[in-house]
Amino acid sequence: MADSMMSKAATMEIPINSNGDSRTLGEDDGLEQDLQQVMVSGPNLNETSIVSGGYGGAAEGIIPTSSIKGPAIFFNPEYLEKRKSGDPKEDIRNKSRGIPPSQSATSRIANQAQRYPGPSMHHSNSNPMMAEEATRGVAVEKLDTVKKWGINTYKCTKQMFSERFGRGSRTVDLELEAQIDLLRDTKSKYENILRLSGSLTTHFYNMVQTQQALGDIFADLSQKSPELQDEFGYNAETQKLLCKNGEALLGAINFFESSVNTLVTKTMEDTLMTIKMYENARLEFDAYRADLEELSTGPRDAGTMVRMEMAQAQYQQHRDKYERLRSDVSIKLKFLEENKVKVMHKQLLLFHNAISAYFAGNQQQLEQTLRQFNVKLKPPGSDKPSWLEEQ
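These lines cover the structure that appears in this document, whether it is placed above or below. Here the residue index of a chain counts from 1 through its sequence in written order. For this predicted model, a pLDDT threshold of at least 70 governs which residues receive local features, and a threshold of 80 or more governs which side-chain atom pairs are given and counted, while totals over whole chains, interfaces and linings are taken from all residues. Water and hydrogen atoms were dropped before computing side-chain values, which therefore reflect all heavy atoms in the structure.

## Re the pattern of salt bridges
Put simply, a salt bridge is a Lys or Arg side-chain nitrogen that is within 4 Å of an Asp or Glu carboxyl oxygen. Scanning the entire structure with this criterion turns up 14 salt bridges. With its nearest N and O atoms 2.6 Å apart, the salt bridge here joins Asp286 to Arg282. In this pair, Asp286 and Arg282 both sit in helix H9 (residues 229-296), four residues apart, roughly one turn of the helix. Both residues of the pair, Asp286 and Arg282, count as buried. By sharing partners, the salt bridges in this structure join Arg282, Asp286, Arg289 and Glu293 into a single network. Numbered from the N terminus, helices here are DSSP runs of H or I no shorter than four residues, and strands are runs of E no shorter than two. Relative accessibility under 20% of the residue-type maximum defines a buried residue, over 50% an exposed one, and the middle range a partly exposed one, all with a 1.4 Å probe and only protein chains included.

Next comes the structure, spelled out in structure tokens:
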């Protein structure tokens, strides 16, 4: 019986208007049912909300009470016995309006409001949300970059294989291609000059060191052999003179080698890097040109027209890049040729005059050649590390 009453009372609702009065139920029956529901299960606090600002006043904020567990009102059997006895009692609903609020309920409501501040939750979560959106934007941007790179690489690889197997066409500037081939051939020959001049410097340096050692031995023997003092003395002076002239020639050869090395490894290499960029731009230009031509020969539906517009824009972009780099290569080749002629004219004249003066035994002309081209010789022993460096 008690179970059926509890299940029946749990399924009933309490219709309350804005003033807290019952709508249509009879006073006795409605009150009985209301009390039974309240005393059996208590109010469902998980589905209610407490209005701040007082009963019947203007609502200033809704405080959720989902964390308050358990019934707030317990079953009182004595009250049912008194109710059944028929003693007239005051309407409990009118009486409850004057009940002061409980201290425990007030503290729980305050703690609930502090634990779950409604409006401030949005501001506290705004920073993590903004950081998450920023991270997501960076990831999307990187993914888009990788996607564009993959598409560009695929098209360029396809164009490169098409050109190698003779299935695709390529853009060719005959005059510029001839200049590029000439530059590469010139660079290869200049590198050979550097290799041979380096070998000459190494062998000649060893010869100078041998002459110096031989002159020292001749000088020592001229003092220890009185009967051959003059002969050893002449040879010692000759070897020392040859060693001095050899050091001057080594200075001239090193200067020549350093200038040619700068021309090859700096000036020519910079131009060749620009040429490499130009060739890559030419390959991209031909790849997008072939893509546009393929779309132009296909059907003309709505999707194809959109792809054609995108392909046309990409084609124009890569064409502008190709034209700009072709102009840069032409300008750099022109300045490189002028610089090469100027540098090599000076260095070849130095090399010729120094070699001729040395093997002719003309010390004055050799020294004059070094002064003419501002070649400064290193003092003897300058190549050796200092005593600080040896520590």
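## Some thoughts on the side chain of Arg289
Relative to the elements of secondary structure, Arg289 occurs in helix H9. Classification of Arg289 by relative accessible area gives buried; the value is 14%. Not counting the four nearest positions on each side in its chain, Arg289 is found in contact with Ser169, Arg170, Thr171 and Tyr315. What makes two residues a contact is simply this: any of their non-hydrogen atoms within 4.5 Å.

## Digging into the side chain of Ser222
Tracing the chain through its elements places Ser222 in helix H8 (residues 174-224). Under the rule applied, a polar contact is a pair of N or O atoms within 3.5 Å (in protein, one hydrogen donor and one hydrogen acceptor; residues adjacent in sequence only if both atoms are side-chain atoms). A polar atom in the side chain of Ser222 sits 2.6 Å from the backbone oxygen of Ala219. Dropping the residues within four chain positions of it, Ser222 is found in contact with Gln229, Phe232 and Gly233.

## Considerations on the packing of aromatic side chains
For this analysis, a ring pair means two rings from Phe, Tyr or Trp (six-membered ring only for Trp) whose centres lie within 6.5 Å, classed as stacked if their planes differ by under 30 degrees, edge-to-face if by over 60, and tilted for the remaining angles. Summed over all chains, the structure comprises eight aromatic pairs. An aromatic cluster of at least three residues, connected via ring pairs, comprises Tyr278, Phe285, Tyr315 and Tyr322.

## Examining the environment of Leu214
Looking at the secondary structure, you find Leu214 in helix H8. Between the C-alpha atom of Leu214 and that of Lys240, which follows or precedes it by 26 residues, the distance is 8.8 Å.

## A closer look at the packing of H9 against helix H10 (residues 302-360)
Between N-to-C directions, angles cover 0 to 180 degrees, with each direction set by a line fitted to C-alpha atoms, over the stretch in contact for helices. With their axes 7 Å apart at the nearest point, H9 and H10 run at an angle of 165° to one another. Here H9 lies roughly antiparallel to H10, going by the angle between them. H9 and H10 meet at a crossing whose hand is left-handed. Throughout this description, any angle smaller than 35 degrees is read as roughly parallel, any larger than 145 degrees as roughly antiparallel, any in the 65 to 115 degree range as roughly perpendicular, and the remainder as oblique. Put simply, a crossing is left-handed when the front helix is turned counterclockwise from the back one by less than a right angle, and right-handed when it is turned clockwise.

## Looking at the environment of Leu348
Structurally, Leu348 can be placed in helix H10. Sequence spacing of Leu348 and Val260 is 88 residues, and the spatial spacing of their C-alpha atoms is 10.0 Å.

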